[in-house]
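# Tertiary structure, described
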Amino acid sequence: MSSTIKLSIVIVGYNSAQFLQNCLKSIFSQTPPFQLEVIVVDNASTDNSVSLIRQHYPQTKIISNEENKGFACGNNQGICQSLGQYILLLNPDTVVLDPALERLVDYIEATPDVGAVGPKIFNLDGSLQRTGVSFPSVWNLIVEVFFLDVIFPKSRLFGRHRRLYEDPNQINEVDYVQGSCLLIRKNILDDIGSLDESFFIFFEETDLCFRLKKAGWNVLYFPDASIIHYGRGGLGYYDDVSLVQFHRSYLRFIKKHYSIIHQYLFRCVLFIRSLVRSITLSFAGLFIGSRREEFFSRSQGYWNVALLTLKAFDE
């Protein structure tokens, strides 16, 4: 094994103790033929995340923040202190299935035109969690207003965003992969910059892959490596707060990368989509008691998103 660190794994956590131990266990139980380091950036957790790491995984580097600096800033802190040739951005609510680390690094080393790669992702129940999707488009939003992506999920016309028509067992070039597990070349970050810290949470990886592809690199979905991702902190859906956070970052991404005309189109369609979903979820909550709390929370979230789209562009 080389004494030079090849892979740096950066994990940003906030009150993630319930997931972090399994995540670190899955990493350190693997024995890839190269040296790696693990850097955990803790965003002022109030649980026992830091003490857990120090007790059970003392080989882990810890950056302990006194305030929650967000996902992008936390990752940038870890990247700045990393020594690896490749950086793996990894969520704490993941389990890395052996030998995913070795396979990801081997693949990106063997494909010099690939700048970033993401693995196959499973939910806890073994079902697929989609990764490797398309950048936002007005057409995709229009499709979602009428639920055509749900009715025709594998249509190349209506399913362009999630790309369910592609074989999940085949390597595919995509626009971007989930930031829950994203491997990228360190030298690319030196060239195009690290994560944009104006995104507090959500769309950091979308923005990063957008800039990466603009610089001429490819982004690949690589199913020969896989992880389990709990997602939403184990909640299983976006609640009202998460929906607003997600769409605030969505609008920031649109403002950063799209023309003013496209920005207005996005806001108009997003307003309509949010109203439709808010009303639909409200009715669903009235008739499906077992999921009433979820539906009402999401309905309120989409109502707040509709209001968000009406605010000034500079907010």
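Refer to the structure printed above.
Keep in mind it's a predicted model, so treat the numbers as computed, not measured.

### Observations regarding the side chain of Glu-37
Locating Glu-37 in the fold gives a position in strand 2 (residues 35-43). We classify Glu-37 as buried; its relative accessible area is 6%. Within polar-contact distance, the side chain of Glu-37 engages the side chain of Ser-8 at 2.5 Å. Not counting the four nearest positions on each side in its chain, Glu-37 is found in contact with Ile-5, Leu-7, Ser-8, Ile-9, Lys-61, Gln-81, Ser-82, Leu-83 and Gly-84.

### Things to note about unusual backbone geometry
Leaving glycine out, the prevailing phi sign among residues is negative, and the prevailing peptide bond configuration is trans. In this chain, Asp-98 is followed by Pro-99 through a cis amide linkage whose omega measures 0°. Structurally, Pro-99 can be placed in the loop between strand 5 (94-96) and helix 4 (100-110). Unusually for a residue other than glycine, Phe-202 sits at a positive phi of about 80°. Residue position: Phe-202 is located in the loop between helix 7 (186-192) and helix 8 (204-214). According to the relative accessible area criterion, Phe-202 is buried, its value standing at 17%.

### Section: helix 11 (residues 292-309)
In this model helix 11 runs 26 Å from its N-terminal to its C-terminal C-alpha over 18 residues, within 8% of the 26 Å that 1.5 Å per residue would give. Among the residues of helix 11, those classed as buried are Glu-294, Phe-295, Ser-297, Ser-299, Gly-301, Tyr-302, Val-305, Ala-306, Leu-308 and Thr-309. In this structure, the buried residues of helix 11 make contact with helix 9 (240-257) and helix 10 (260-287).

### Structural notes on the pairing of strand 3 (residues 61-65)
As paired elements, strand 2 and strand 3 share 5 bridges and run parallel to each other. Each residue of the ladder has a partner; that of Asn-43, found in strand 3, is Asn-65.

### Remarks on the nonpolar core
Grouped together as the largest cluster of nonpolar side chains are 42 residues, with contacts concentrated most on Ile-87, Ile-184, Leu-195, Tyr-250, Phe-253 and Phe-266. Not counting residues up to four positions away in its chain, the partners in contact with Ile-87 are Ser-8, Val-10, Ile-79, Ser-82, Leu-182, Leu-183, Ile-184, Lys-186 and Leu-189.

### Quick look at the pattern of salt bridges
Tallying each qualifying case throughout the model produces 11 salt bridges. For Arg-163, the salt bridge identified is with Glu-166, shortest N-O distance 2.8 Å. A residue is classified by how much of its surface remains accessible, and Arg-163, at 11% relative accessible area, is buried. Overall, Glu-166 belongs to the buried group, its relative accessible area being 15%. Its salt-bridge partner being Lys-256, residue Asp-207 comes within 2.9 Å of it at the nearest N-O pair. Here Lys-256 lies in helix 9 and Asp-207 lies in helix 8, a separation of 49 residues in the sequence. The exposure class of Asp-207 is buried, given its relative accessible area of 0%. A network of salt bridges, in which partner residues are shared, links Asp-196, Asp-207, Arg-211 and Lys-256.

Calculation criteria
- The residue numbers shown here count from 1 along each chain, following its written sequence.
- Given that the model is predicted, a residue must reach a pLDDT of at least 70 before its local features are reported, and side-chain atom pairs must reach 80 or more before they are shown or counted; all residues, however, enter totals for whole chains, interfaces and linings.
- Hydrogens and water are ignored here; the side-chain numbers use all heavy atoms of the structure.
- Here a helix means four or more residues in a row that DSSP labels H or I, a strand means two or more in a row labelled E, and each is numbered from the N terminus.
- Relative accessibility thresholds used throughout: buried, under 20% of the residue-type maximum; exposed, over 50%; partly exposed, between the two (1.4 Å probe, protein chains only).
- Think of a polar contact as two N or O atoms within 3.5 Å of one another; within protein, one of them needs to be a possible hydrogen donor and the other a possible acceptor, and neighboring residues in sequence only count if both atoms come from side chains.
- Contacts were defined at the residue level, with two residues in contact if any of their heavy atoms lie within 4.5 Å.
- To estimate how far a helix should reach, multiply one less than its number of residues by 1.5 Å.
- Pairing between strands requires that DSSP locate at least two bridges from one strand to the other.
- For our purposes a nonpolar core is just a set of buried Ala, Val, Leu, Ile, Met, Phe, Trp, Tyr and Cys residues, chained together by side-chain atoms within 4.5 Å.
- Here, a salt bridge means any Lys or Arg side-chain nitrogen found within 4 Å of an Asp or Glu carboxyl oxygen.

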